[in-house]
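# A structural walkthrough
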Amino acid sequence: MRGKFVYPFSEGHKDMKSLLGGKGANLAEMTAIGLPVPQGFTITTEACNDYYDNGELIRPEILQEIDQALIFLEKEQGKCLGSDQDPLLVSVRSGAVFSMPGMMDTILNLGLNDKSVQGLIAVTQNDRFAYDSYRRFIQMFADVAIGISKDKFDAVLEKAKEAKGIKEDTELSSQDLQEIVTAYKNIYLEETGEVFPQNPKEQLVLAIEAVFKSWNNPRAKVYRRLNDISQTLGTAVNIQAMVFGNMGENSGTGVAFTRNPSTGENKLFGEYLINAQGEDVVAGIRTPQSIERLKADMPNIYQELLKTTQLLEKHYHDMQDVEFTIEKGKLFMLQTRNGKRTAKAAIKIAVDQVREGLISKKDAIMRIKPSQLEQVLHPTFAPDDVQRAECLTTGLPASPGAASGQVYFHAADAVREAKAGKEVILVRQETSPEDIEGMVSAKGIITARGGMTSHAAVVARGMGKPCVAGCSQLLVDEVRKEIRIDQATIKEGEFLSIDGGTGAVYIGSVPMAATNLDSDFRTFMSWVDEEGDMKVRSNADNARDARKALEFGAEGIGLCRTEHMFFDEERIQLVREMIVADKLETREKALAKLLPHQQGDFYELFKALDGKSCTIRLLDPPLHEFLPQDTPSITKLAHQLGLGTHLLEKRICDLSEFNPMLGHRGCRLAITYPEIYKMQARAIAKGAIQAIQEGYHVAPEIMVPLVSVVDELRILRQLITETVDQELEEAGISMTYRIGTMIEIPRACVTADEIAQEADFFSFGTNDLTQMGFGFSRDDAGKFLGEYSEKGILDKDPFQVLDQKGIGRLLEMAVKLGRQTKHDLKMGICGEHGGEAATVSFCYQQGLNYVSCSPFRIPIAKLAAAQAKISQVGNSSSRNQ
Ligand code: PEP
Ligand code: MG
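Residue numbers restart at each chain and count upward from 1, following the sequence in its written direction. Think of it this way: whatever chain is written first is A, whatever ligand is written first is 1, and the rest follow in order. Side-chain atom pairs in this predicted model are given and counted only at pLDDT of 80 or more, local residue features only at pLDDT of at least 70, and totals for whole chains, interfaces and linings cover all residues. Hydrogens and water molecules were not included; the side-chain quantities draw on all heavy atoms of the structure.

The line we're drawing: UniProt positions are given in the numbering used here, feature names are shortened, and annotations may be inferred rather than shown by experiment.
Taking an unreviewed UniProt entry as the reference, the chain is identified by name as Pyruvate, phosphate dikinase belonging to Streptococcus pseudoporcinus LQ 940-04. Under the heading Sequence similarities (unreviewed entry), UniProt records this for the chain: "Belongs to the PEP-utilizing enzyme family." The Cofactor (unreviewed entry) comment attached to the chain in UniProt states, word for word, "Mg(2+)".

Shown next, in the form of structure tokens:
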């Protein structure tokens, strides 16, 4: 067993997060820079892991270290745990390496027992406060350390308030609270058969064990899974001397952000409650006041808080989220951490902080998670529609974005209905960490209670989900599953729409609009562009999509799937005519009719791109995909083509395959029907000539799909070259063009050195490569992949996130072999993975020249690429082609 497991706050610093957890490291740092932090010590994450390794027991050596740290703390504070004169009370809090808000457990006021509560009364001269602290401690301890439901205790509290006809906890007298303490202890005895533990050291050990255990509670596990946090890090535990926000009107507690976490505005933002303890604010039990009010209520404290938070932001070079407590007019800092924020706020803050000289452009780029950008690219409500919509109520704009859906009142219902394909709005009185899966499934969240820093608000913002919190006019009846407001009732399954940016809740389903990307976003993306050296192209199949892709910042088209042109209503008939032709001559006739259409499409595409790269893939899917399958459509087509129905049926039957995705598709089609690719090559050449003659720049890249043997490419390359060159010669035009191939079959990867002899470029088709590498049908794998993830066999769906270990190795091999043959062979990726951040980073490391993805994901891919470059893990040789 290794040395030290316990560190007093005075010994650590901010860079010890992996050992002390985020909270512990920052408490130590705040202590080091002289801020008013209640003192304490941190039990390390290694101690937590040791606890699990040791069969869920804290080893005696570690217990001894804890004892020593406690003695040190008692000396420093001049107070003793459990004393009947001025007792020391402590909080016991979890503190993981990466923040997991509300996911693990906390116990406050530890050290109270029947004896020390008298000590607390003696020193504070406030028996109401002492009993209030004691009853809170019993409830929290019983809930967290022993697992007795807190509802049992709440019921006693509610009954006491009802009996007195009061609403607020603060209205309970000392006598009431003393009786409540007795009732709470009785609950403890009934539930456990034991008296509430009176020995504070026993309380402490049980509390520490409870925090260690909470690392593995189900909601914490889900949170880690969702946020890609390793399950093996363990949590630290912080033991800290208590300060009290509930000692009267000159006390209070709150949370604040150095900048607005929703909008990014550079202004202290937060909430606080007078005469309350921290969990009252976070749990949304009482609706807190805006921090602005503190300016009026306690101007000196406000100024001190402002100064402290500004100092913290400068010190950490990032927006901070702090917790503070005011005890009898004195400010204490309980926590600081980098604040969670919406994507919009993250971009604004990063851009502002660069302008303020606080961080560099590179820092700004590294601050934004690529996946966060999806939030800013999300749609909002269409302005006209939202104006017409009927507003049901307005709550707090807790997390921006717009969503419409059917209302459900329980997390489990939300999960079930979302699985069944419904868009769900989760409506709760207030959310708690148990609701996390329901929140994941929902499109948006409404709560009746709780403020801007309530659980619902914080978690929804982290998830990038719209949330309207604290809709106090709504009566949310979770039992009858309905909302009542004035005369109206909204029942389960009815539609509501919410705008988390304004706090409005609308009746019915309001249509969405495309997002306007603001100037901060554009500034940010311009820095990303300056930094990035891997090109980002888009998959687009026509001029309209290509223009949209360019608007999103695409540097060219990485994949134009020409079969999509075939599906156009006008052409499909001609395509079918070509397919059912049983003689070369009739097929060529049909192809000749298709040619001008294809030529027109390419001409438009080249015009839209005007010299930017344009990779055109020749026909890929099996031919029967273009033919009708049901009898009425077959009869109709037979009639249109002047064929007998039987003949057509026979042709369809001839074309049908057991495994079409492994069948007669891709370049195999052109090996048997070369005239198809010939027509397409001619159409590309003619479209290009037409555009060039009008003064446009054109440099097509013609791509052959599904090559597995070099000779396939050799034969087709010759065919394409002859066709294109003949057209160019006839037109008297010269044009540079390249012929390359998709690498999407494992055999192509392992023989990439041979294939490279015939290719001017490679484009990795990771959809098919994943399909064929795993042997998972891309159309059917969805049926079982969910279970693979649940059972931990595969972390992620390999069709969404490239499986770097397996499929990635194939890609790596192909890159190496390909560049062995041609050292500057241009390479890119055009499978769905091309817009996924981790895959983009992987492609960067492999030295690919570009990634290609859907238009909407271009900013995400660009950011991931720039981050990969900054992280300096890439091999950028010959990237700029
Ligand atoms: C691929 O296989 O990755 C690819 C881009 O082609 P398609 O999805 O059209 O098969
Ligand atoms: Mg493919």
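### Thoughts on the overall build of the chain
Our working definition: Helix and strand definitions here come from DSSP, where helices need a minimum of 4 consecutive H or I residues and strands a minimum of 2 consecutive E residues; each element is numbered from the N-terminal end. Working definition: with a 1.4 Å probe on protein chains only, accessible area under 20% of the residue-type maximum means buried, over 50% means exposed, and in between means partly exposed. Contacts are residue-level and defined by heavy atoms, with any inter-residue pair within 4.5 Å sufficient. Reported accessibility uses the Shrake-Rupley method at a 1.4 Å probe radius. Residues are deemed covered only where the shown protein chains occlude them.
Looking only at helices and strands, one finds 36 helices and 31 strands in the chain. Considering only C-alpha atoms, the chain reaches an extent of 105 × 60 × 50 Å along its principal axes. Here the chain holds 881 residues, and 56% of them are scored as buried. Taking the contacts inside the chain whose residues are at least 6 apart along the sequence as the reference set, 69% of them involve residues at least 24 apart. Working note: accessible area of the chain is about 36,700 Å², and carbon and sulfur atoms make up 49% of it.

### Thoughts on the pairing of strand β24 (residues 535-539)
Put simply, the rule is: Two strands qualify as a pair provided DSSP detects at least 2 bridges between them. Orient the strands so they point away from the viewer; a crossover is then right-handed if the path from the first strand over the helix to the second runs clockwise.
Across the five residues that make up β24, a large majority, four, are buried. As defined by bridge partners, β24 adjoins strand β31 (residues 850-853) across four bridges and the pair is classed as parallel. Looking across to β31, one finds that valine 536 is bridged to valine 851. By the bridge criterion, two bridges tie β24 to strand β25 (residues 556-561) in an arrangement that is parallel. What sits directly across from asparagine 539, in β25, is leucine 559. Once you follow β24 into helix α21 (residues 543-551) and on to β25, the crossover reads as right-handed.

### Quick look at the nonpolar core
Soluble globular proteins tend to bury their nonpolar side chains together. Where we set the bar: Joining through side-chain atoms within 4.5 Å is the link that ties buried Ala, Val, Leu, Ile, Met, Phe, Trp, Tyr and Cys residues into a set, and such a set is a nonpolar core.
Counting 102 residues, the largest nonpolar core has Phe606, Tyr677, Val724, Phe762 and Phe764 as its most contacted members. No other element matches helix α28 (residues 674-693), which puts ten residues into this core. Among all residues touching phenylalanine 764, those that are not within four sequence positions of it are Ile743, Leu811, Ala814, Val815, Met827, Gly828, Ile829, Cys830, Gly831 and Leu848. With 59 residues, the next largest nonpolar core counts Ile43, Tyr51, Leu81 and Ile138 among its residues.

### Quick notes on the coordination of the magnesium ion (ligand 2)
Going by this rule: Sites may look incomplete because water is not among the atoms; the donors themselves are N, O and S atoms within 2.8 Å of the metal, or within 3.2 Å for Na, K and Ca.
Looking at the metal site, the magnesium ion (ligand 2) is ligated by Glu744 (OE) and Asp768 (OD), spaced 2.0 to 2.1 Å from it. Highlighted residues: glutamate 744 in the loop between β28 (738-743) and α30 (746-750) and aspartate 768 in helix α32 (residues 766-774), separated in sequence by 24 residues. The exposure classification of glutamate 744 matches that of aspartate 768, with both residues buried.

### A closer look at a negative patch on the surface
To keep it simple, the criterion reads: For patch detection, residues must exceed 30% relative accessible area and be free of salt bridges, and they are connected within 9 Å for like charges or within 5 Å for nonpolar side chains (Val, Leu, Ile, Met, Phe, Trp, Tyr). When a carboxyl oxygen of Asp or Glu is within 4 Å of a side-chain nitrogen of Lys or Arg, the pair counts as a salt bridge. Positive residues here are Lys and Arg, negative ones are Asp and Glu, while His and the chain termini are left out of the count. Every charge is mapped onto a representative atom, which is NZ of Lys, CZ of Arg, CG of Asp or CD of Glu.
Together, Glu722, Asp725, Glu729 and Glu730 make up a region of like negative charge exposed at the surface. Looking at the secondary structure, you find aspartate 725 in helix α29 (residues 710-731). The exposure class of aspartate 725 is partly exposed, given its relative accessible area of 32%.

### A short note on helix α20 (residues 519-531)
The criterion, for reference: The span expected for a helix works out to 1.5 Å for each residue beyond the first.
With 13 residues, α20 extends 19 Å between its outermost C-alpha atoms, agreeing within 8% with the 18 Å of an ideal straight helix rising 1.5 Å per residue. All buried positions along α20 are accounted for by Asp520, Phe521, Thr523, Phe524, Met525, Trp527, Val528 and Glu531. Tucked into the core, α20 has its buried residues touching α13 (343-355), α14 (361-367), α15 (373-376) and α36 (858-870).

### Here we look at the packing of helix α5 (residues 127-146) against helix α8 (residues 200-214)
As a reminder of what qualifies: Here, axes are lines fitted to C-alpha atoms. For helices the fit covers the stretch in contact, and angles between N-to-C directions go from 0 to 180 degrees. What sets the label is the angle itself: under 35 degrees gives roughly parallel, over 145 gives roughly antiparallel, 65 to 115 gives roughly perpendicular, and the rest give oblique. Each crossing gets its hand from how the near helix is turned against the far one by less than a right angle, where anticlockwise is left-handed and clockwise is right-handed. Three classes are used, and their members are as follows: Ala, Val, Leu, Ile, Met, Phe, Trp, Tyr, Cys and Pro are nonpolar, Asp, Glu, Lys and Arg are charged, and the others, Gly among them, are polar.
Their axes nearest at 9 Å, the elements α5 and α8 cross at an angle of 50 degrees. The angle between the axes of α5 and α8 places the two elements in the oblique class. The element α5 and its partner α8 pack so that their crossing is left-handed. On α8, the residues touching Phe137, Phe141, Val144 and Ala145 of α5 are Gln203, Leu206, Ala207 and Ala210. For the contact of α5 with α8, the residue count by class is seven nonpolar, one polar and no charged.

### Describing the pattern of salt bridges
Two side chains that carry opposite charge are able to pair once their charged atoms sit near each other. Enumeration according to the criterion identifies 59 salt bridges in this entry. Of the charged contacts, one joins glutamate 313 and arginine 259 as a salt bridge, the two residues approaching to 2.5 Å between their closest N and O atoms. Here arginine 259 lies in the loop between β6 (252-257) and β7 (269-274) and glutamate 313 lies in helix α12 (residues 299-316), a separation of 54 residues in the sequence. With its nearest N and O atoms 3.8 Å apart, the salt bridge here joins glutamate 482 to arginine 480. Linked by salt bridges that have partners in common, Asp132, Arg135, Arg136, Glu158, Lys161 and Asp169 make up one network.

### Regarding the UniProt feature "binding site: Mg(2+)" (unreviewed entry) in the chain
Per the UniProt entry, the sites bearing "binding site: Mg(2+)" (unreviewed entry) are Glu744 and Asp768 in this numbering. A stretch of 25 residues holds the annotated residues, and the largest C-alpha distance among them is 5.4 Å, short enough that they meet in one place. The class for glutamate 744 is buried, based on a relative accessible area of 2%. Beyond its immediate stretch of four places on either side in the chain, glutamate 744 contacts Pro705, Leu706, Gly765, Asp768, Leu769 and Met772. According to the relative accessible area criterion, aspartate 768 is buried, its value standing at 3%. Every residue in contact with aspartate 768, bar those within four places of it in the chain, is listed here: Met661, Arg665, Leu706, Glu744, Gly773 and Arg778.

### Some details on the site of ligand 1
So the rule is basically this: Any residue with a non-hydrogen atom lying within 4 Å of a molecule or strand is treated as near it. Pairing of N or O atoms within 3.5 Å defines a polar contact, subject to two protein rules: one partner must be a possible hydrogen donor and the other a possible acceptor, and residues neighboring in sequence count only if both atoms are side-chain atoms.
Around ligand 1 there are 14 residues in total, and Arg561, Gly765, Asn767, Asp768 and Arg778 lie nearest to it. Here an oxygen atom of ligand 1 sits 2.8 Å away from a polar atom, N or O, in the side chain of arginine 561. At 3.3 Å, a backbone N or O of glycine 765 approaches an oxygen atom of ligand 1. Within the complex, the protein chains bury 95% of what would otherwise be the 290 Å² of accessible surface of ligand 1. Of all the secondary-structure elements, those providing two or more residues to the shell around ligand 1 are β25 and α32. With three residues, the single largest contributor to the shell around ligand 1 is α32. By residue class, the composition of the shell around ligand 1 is three nonpolar, four polar and seven charged.

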